[in-house]
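# Coordinates in review
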Amino acid sequence: MMLHIPQVLNKHQVAELREQIQQQSVWIDGTHSAGPQAQKIKNNLQVDIQSDVYESVSHSVLSALQQNLLLRSAALPKHTLLPMFNCYQNQGNYGNHVDNSIQYSAKTGQMIRTDVSITVFLSEPDEYEGGELIIEDTYGSHEVKLDAGDAIVYPATSLHRVEPVTQGRRIAAFTWIQSMVKDDWQRTMLFNLDMTIIKLRQQLGDTEEVVSLTSHYHNLLRQWGDL
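Here is what the cut-offs are and how they apply
- Residues numbered from 1 in each chain as written.
- Predicted model: local features only at pLDDT ≥ 70, side-chain atom pairs only at ≥ 80, totals over all residues.
- Heavy atoms only, no water.
- Helix = DSSP H or I, 4+ residues; strand = E, 2+ residues; numbered from the N terminus.
- Expected span 1.5 Å × (residues − 1).
- Buried < 20%, exposed > 50% of the residue type's maximum accessible area, 1.4 Å probe, protein only.
- Arc of directions from axis to C-beta.
- Contact = heavy atoms within 4.5 Å.
- Core = buried A, V, L, I, M, F, W, Y, C linked by side-chain atoms within 4.5 Å.
- Axes fitted to C-alpha atoms, helices over the stretch in contact; angles between N-to-C directions.
- Parallel < 35°, antiparallel > 145°, perpendicular 65-115°, else oblique.
- Left-handed = near helix turned anticlockwise from the far one by under 90°.
- Nonpolar A, V, L, I, M, F, W, Y, C, P; charged D, E, K, R; others polar.
- Salt bridge = Lys/Arg side-chain N within 4 Å of Asp/Glu carboxyl O.
- Pairing = 2+ DSSP bridges.
- UniProt positions renumbered as here; feature names shortened; annotations may be inferred.
- Polar contact = N/O pair within 3.5 Å; in protein donor to acceptor, adjacent residues only side chain to side chain.

Given 3.6 residues per turn, any residue in an α-helix points the same way as the ones three and four places further on. Counted at 1.5 Å a residue, the expected span for helix α6 (residues 208-224) with its 17 residues is 24 Å, and the 24 Å between its end C-alpha atoms agrees. Those residues of α6 that fall on the buried side of the exposure criterion are Val-210, Tyr-217 and Leu-221. For α6, the buried positions fall inside an angular range of 35° around the axis, keeping them on one side. More than 90 degrees from the buried face of α6, the exposed residues found are Glu-208, Glu-209, Arg-222 and Gln-223. Looking at the buried side of α6, the elements it contacts are α5 (184-204).

This is how it looks when you write it as structure tokens:
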């Protein structure tokens, strides 16, 4: 399931994060965090995780992600890796790749299975040209270029790339989630059921039928979930 989540960060939060990052020279070559195969196709910059500013900005984004109810319903997070930050400029791009099945934080040592990938855009679409995130699935290729503060959530198993940025700078935060339900199809079913229950509760209240659907949701989560 691919899901656009608007306003994970509000405009004020985005401005604060960008100011914090820009106040220090914290960008390093993005290939430092790439494996041998990815190094050949990765051309971007990343915020140095050893920099003083990284601790503050990464926890700010993590807190916003953890508090977002739509994300919690869609991803059913068990562990969320501390976000990192990248910048694409001057034809910077990232060729077709699939994220590693296991990611770990060099800062904390935390290791997770990557079920869900997240990109939070920190640049407005009119600040740069190119830089589209292209995600491929069984339904074709999907082009993603969102407002600053918005996030795209998609299966980490997806083949994806970032097109060259021909003008301006594309800044974003990115991270991965290990879900309580590792199967994307099962997560999608649970998310759709949860959204349906919420709408029915708003329309009908807690009727017998709505309570029954809620019971089915939680029993499926017990069946499929891994705590």
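For the rest of this paragraph, the subject is the nonpolar core. With 40 residues, the main nonpolar core has Leu-9, Leu-71, Phe-85, Ile-118, Val-120 and Leu-122 as its most contacted residues. Put simply, the parts of the chain that give this core at least two residues each are β1 (3-5), α1 (11-22), α3 (52-67), α4 (69-75), β6 (84-88), β10 (116-121), β14 (151-155) and β17 (170-179). No other element matches the 7 residues that α3 contributes to this core. If we skip the residues at most four places from it in the chain, Leu-122 touches Leu-9, Val-14, Leu-17, Arg-18, Phe-85, Ala-148, Ile-171, Ala-172 and Ala-173. Counting residues in hydrophobic clusters, the runner-up holds 13 residues, among them Tyr-88, Tyr-94, Ile-152 and Tyr-154.

Here we take up the packing of α1 against α3. Helices that pack against each other are described as a pair by the angle of their axes relative to one another and the distance between those axes. Taken N-terminus to C-terminus, the directions of α1 and α3 make an angle of 165°; their axes are 10 Å apart at the nearest point. Taken together, α1 and α3 sit at an angle that is classed as roughly antiparallel. Viewed along their axes, α1 and α3 form a crossing whose handedness is left-handed. For the pair α1 and α3, the contacting residues are Leu-17, Gln-20 and Ile-21 in the first and Val-53, Ser-56, Val-57, Ser-60 and Val-61 in the second. The residue inventory of the contact of α1 with α3, partitioned by class, reads 5 nonpolar, 3 polar and no charged.

Below, the discussion takes up the side chain of Ser-73. Mapped onto the elements of the fold, Ser-73 is located in helix α4. Assessed through its relative accessible area of 7%, Ser-73 is described here as buried. Setting aside anything within four residues of it in sequence, one finds Ser-73 in contact with Phe-191, Asp-194 and Met-195.

We now examine unusual backbone geometry. Not every positive phi belongs to a glycine, and Gln-7 is a case in point at roughly 50°. Note that Gln-7 resides in the loop between β1 and α1. In this structure, Gln-91 takes a positive phi of about 70° despite not being glycine. Its location among the elements puts Gln-91 in the loop between β6 and β7 (93-97).

A few words on the pattern of salt bridges. Inspection of the entire model under this criterion finds 7 salt bridges. Close ionic contact of Glu-127 with Arg-18 constitutes a salt bridge, the shortest N to O distance being 2.9 Å. You can see Glu-127 sitting in the loop between β10 and β11 (128-130) and its partner Arg-18 sitting in helix α1, a full 109 residues away along the chain.

As a further point, take the pairing of β10. With respect to burial, β10 is a largely interior element, 6 of its 6 residues being buried. Side chains Val-116, Ile-118 and Val-120 project from β10 onto one buried face, and the interleaved Ser-117, Thr-119 and Phe-121 project onto a second face that is buried too. Two strands pair when backbone bridges link them, and β10 and β14 are joined in this way by 5 bridges, in the antiparallel orientation. By the bridge assignment, Val-120 is partnered in β14 with Ala-151.

As annotated by UniProt and renumbered to match this structure, "binding site: Fe cation" (unreviewed entry) occupies His-97, Asp-99 and His-160. What stands out for the annotated residues spanning 64 residues is how close their C-alpha atoms remain, the widest pair being 8.7 Å apart. Following the sequence through the fold, His-97 ends up in strand β7. Take His-97: its relative accessible area is 11%, and that puts it in the buried class. Look past the residues within four positions of His-97 in its chain and what remains in contact with it is Ile-41, Ser-158, Leu-159, His-160 and Arg-161. Within the fold, His-160 resides in strand β15 (residues 159-162). Sequence-distant contacts of His-160, that is, excluding residues within four places in its chain, are made with Gly-95, Asn-96, His-97, Val-98, Asp-99, Leu-133, Ile-134, Ile-135 and Tyr-154. Engagement of the side chain of His-160 in a polar contact is seen with the side chain of Asp-99, the distance being 3.3 Å.

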